[in-house]
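Tertiary structure, described
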Amino acid sequence: MNKHAQATAYLHEMMTQWRHDFHAHPELGCEEQRTAATIAELLRGLDIEVHTGVGGTGVVGILKRGHGSRSIALRSDMDALAIVEENSFDYRSKSTGKMHACGHDGHMAMLLGAAQHLSNKGNFDGIVYFIFQPAEELGYGAKSMLADGLFKRFPADAVYGMHNMPSLPLGTLAIRPGPVMACEDHFEIIISGKGTHAALPHLGIDPILVGAEIVSALQSVVSRVLNTVDNAVISVTEFIADGTTNVLPTTVTLKGDTRSFTPAVQQQIEIAMGRIAHGICAAHGAGCNFTYSNEFISTINTRTEAAIAEEVARQIVGEERLILDCPPFMASEDFGEMLRIKPGCFLFIGNGTEDPESAGLHNPRYNFHDDNLTTGADFWVHLVESQLTAS
Ligand SMILES: [Zn+2]
Ligand SMILES: [Zn+2]
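Residues numbered from 1 in each chain as written. Chains lettered and ligands numbered in written order. Predicted model: local features only at pLDDT ≥ 70, side-chain atom pairs only at ≥ 80, totals over all residues. Heavy atoms only, no water.

1. Quick notes on the sheet that holds strand 12 (residues 251-260)
- If you trace the four strands from one edge of the open sheet to the other, you get 10-12-8-13, paired in antiparallel fashion. If you trace the sheet from one side to the other, it starts and ends with strand 10 (232-241) and strand 13 (287-296), each paired once. Within this sheet the neighbouring strands show an average axis-to-axis angle of 15°, counted without direction.
- Bridge count between strand 10 and strand 12: nine bridges; the pairing is antiparallel. The residue of strand 12 that forms the bridge with S235 is D257.
- Packing against the sheet, helix 6 (residues 207-225) makes contact with strand 8 (183-192), strand 10 and strand 12, and its axis sits at approximately 175° to strand 10.
- Docked against the sheet, helix 7 (residues 263-283) engages strand 8, strand 10, strand 12 and strand 13, running at close to 160° with respect to strand 13. (Pairing = 2+ DSSP bridges. Helix = DSSP H or I, 4+ residues; strand = E, 2+ residues; numbered from the N terminus. Axes fitted to C-alpha atoms, helices over the stretch in contact; angles between N-to-C directions. Contact = heavy atoms within 4.5 Å.)

2. Regarding the domain arrangement of the protein chain
- Under the domain assignment used here, the protein chain contains domain 1 (9-179 + 299-387) and domain 2 (183-296).
- Just the C-alpha atoms count here: the centres of domain 1 and domain 2 sit 38 Å apart.
- Across the boundary between the two partners, domain 1 contributes 14 residues, which contact nine residues of domain 2.
- Buried area between domain 1 and domain 2, both sides added, is near 830 Å², and the carbon and sulfur share of it is 67%. (Domains from an automatic or database assignment. Buried area = accessible area lost by both parts, 1.4 Å probe.)

3. Section: the coordination of the zinc ion (ligand 2)
- Looking at the zinc ion (ligand 2), one finds its protein donor set to be C102 (SG), H104 (NE2) and H163 (NE2), positioned 2.1 to 2.3 Å from the metal centre.
- For C102, a relative accessible area of 6% gives the class buried. (Donors = N, O, S within 2.8 Å, 3.2 Å for Na, K, Ca; no water. Buried < 20%, exposed > 50% of the residue type's maximum accessible area, 1.4 Å probe, protein only.)

4. Digging into helix 8 (residues 303-317)
- Here helix 8 spans 21 Å end to end across 15 residues, near enough to the 21 Å set by a 1.5 Å rise per residue.
- Here helix 8 has its buried residues at E305, A306, I308, A309, V312, A313, I316 and V317. Within helix 8, the buried residues cover an arc of 155° as seen down the axis, which keeps them to one side. Exposed positions of helix 8 whose direction lies more than 90 degrees from the buried face are R303 and T304.
- On the buried face of helix 8, the contacting elements are strand 5 (159-165), strand 6 (173-174), strand 14 (299-301), strand 15 (322-323), strand 16 (344-350) and helix 10 (372-387).
- Just beyond helix 8, the residue with positive phi is G318, at close to 80°. (Expected span 1.5 Å × (residues − 1). Arc of directions from axis to C-beta.)

5. Quick notes on the coordination of the zinc ion (ligand 1)
- Within the first shell, the zinc ion (ligand 1) binds the protein through C102 (SG), E137 (OE), E137 (OE) and H362 (NE2), at distances of 2.0 to 2.6 Å.
- Taken together, the four donor atoms coordinating the zinc ion (ligand 1) span angles of 54 to 150° at the metal, a pattern that classifies the geometry as irregular.
- Read in sequence order, the donor residues coordinating the zinc ion (ligand 1) give the pattern C-x34-E-x224-H. (Tetrahedral: all angles 85-135°; square planar, octahedral: opposite > 155°, others 65-115°.)

6. Quick notes on the sheet that holds strand 4 (residues 126-133)
- Strand order in the open sheet made by the eight strands is 1-2-4-3-5-16-6-15, with mixed pairing throughout. Each edge of the open sheet is held by one strand with a lone partner, namely strand 1 (49-54) and strand 15.
- Where strand 6 meets strand 16, two bridges bridge the pair, whose relative direction is antiparallel. What sits directly across from A174, in strand 16, is F348.
- Packed on one face of the sheet, helix 2 (residues 33-44) meets strand 1, strand 2 (58-65) and strand 4 and runs near 165° to strand 1.
- Helix 3 (residues 104-121) rests against strand 2, strand 3 (71-77), strand 4 and strand 5 of the sheet, and its axis sits at about 150° to strand 3.

7. Overview of the nonpolar core
- Core analysis: the biggest nonpolar cluster contains 60 residues, and L43, L74, F130, F132, Y160, F379 and W380 have the highest contact counts within it.
- With eight residues, helix 3 is the single largest residue contributor to this core.
- Core analysis: the second largest hydrophobic core is formed by 28 residues, Y129, V159, F329 and F348 among them. (Core = buried A, V, L, I, M, F, W, Y, C linked by side-chain atoms within 4.5 Å.)

8. Focus on the state of the cysteines
- Evaluation of the coordinates by the stated rule reveals zero disulfides.
- Of all cysteine sulfurs in the structure, the one in C345 sits closest to C326, which takes part in no disulfide; the separation is 12 Å.
- Owing to a relative accessible area of 10%, C326 belongs among the buried residues under this scheme. (Disulfide = S-S within 2.5 Å.)

9. As for the pattern of salt bridges
- Under the counting rule described, the total for this entry stands at 15 salt bridges.
- The shortest N-O distance in the salt bridge between D105 and R19 comes to 2.9 Å. Of this pair, D105 sits in helix 3 while R19 sits in helix 1 (residues 12-24); the two residues are 86 residues apart in sequence, bridging distant segments of the chain. No difference in accessibility class separates D105 from R19, as the two residues are buried.
- The residue E184 makes a salt bridge to R259 at a minimum N-O spacing of 3.2 Å. Placement of the pair is E184 in strand 8 and R259 in strand 12, with a sequence separation of 75 residues.
- For R259, a relative accessible area of 16% puts it in the buried group.
- Because the salt bridges share partners, they merge into one network encompassing R75, D77, E333 and D334. (Salt bridge = Lys/Arg side-chain N within 4 Å of Asp/Glu carboxyl O.)

Next up, the structure:
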């Protein structure tokens, strides 16, 4: 066992209780009232200065030691998802249709465990900001905390976040510099044709045929426009027409979602999609309205902070449980908004690959693995003590 691991083992039972309580009482994004109140009360009990209502239901705790001006921010998300839980354990959701299916219950418990240990026994000199962020799943939470002056009021030198990942072995820590989570963009293409009798298509302009061509052609963007080493995905997820069985429609609306990792690729996708949509519509004499919007920016770790997290993780889980070659994830995460302003690192803790731990994020049978609570809290504690070293 490494000398830095298991620092918070004595808090495992308490962290488990906190986690199960959060799990039983899930709240959706922007509605985390009970969750925020529970966190604020626990932090106050640790003599940590507490700020509530940051960016809505966000909570920030400040823990100071000594006279050092160095500072670090640790972030956990707080919100649950609109999912009907299918688990049967006794702490399953008490709110039908709401569920902690992304492990934010575990993220909060790990960070609270670290706060408790650092408050009681922390050996550091400087300022720790504990950030509990609402509404991650909606993509609003980080932005609303930043708009509320998060890093002006709590000016951390760097910010770190951690997310569990069911596809990685239990208790592993995965870290990489650069892009780790994709950006998410949404698009809408409204094709204006001319409705007509299904038996007399020559009298109209069939937007179904135009839409079908566009759906196929959009798949050429990733394969023929982007550099082959760039990762991206374009998914048309809705094809909506206003016709009926014997009537060709007037309008077809295509909607969908794209993911990629860098602003340059994002821009290439938007331009190519617009060109294809307008071009195919024009070829058929149909009108075209193409709109493209950014929902999540990509999460990009800074090199120095990724290296710091790697070294801390090595101390906690050892070389054999440290994953450095994990590819980036195509899902999205609004922690990227914080990394746009501050240097930092977003890392992953493996939630296990065996049933039942392997249930994926946002799955009705998902559950955060309690064995990770100590590992995650240990990581936070050692990260703080290594960055804010006491003299
Ligand atoms: Zn999620
Ligand atoms: Zn999540």
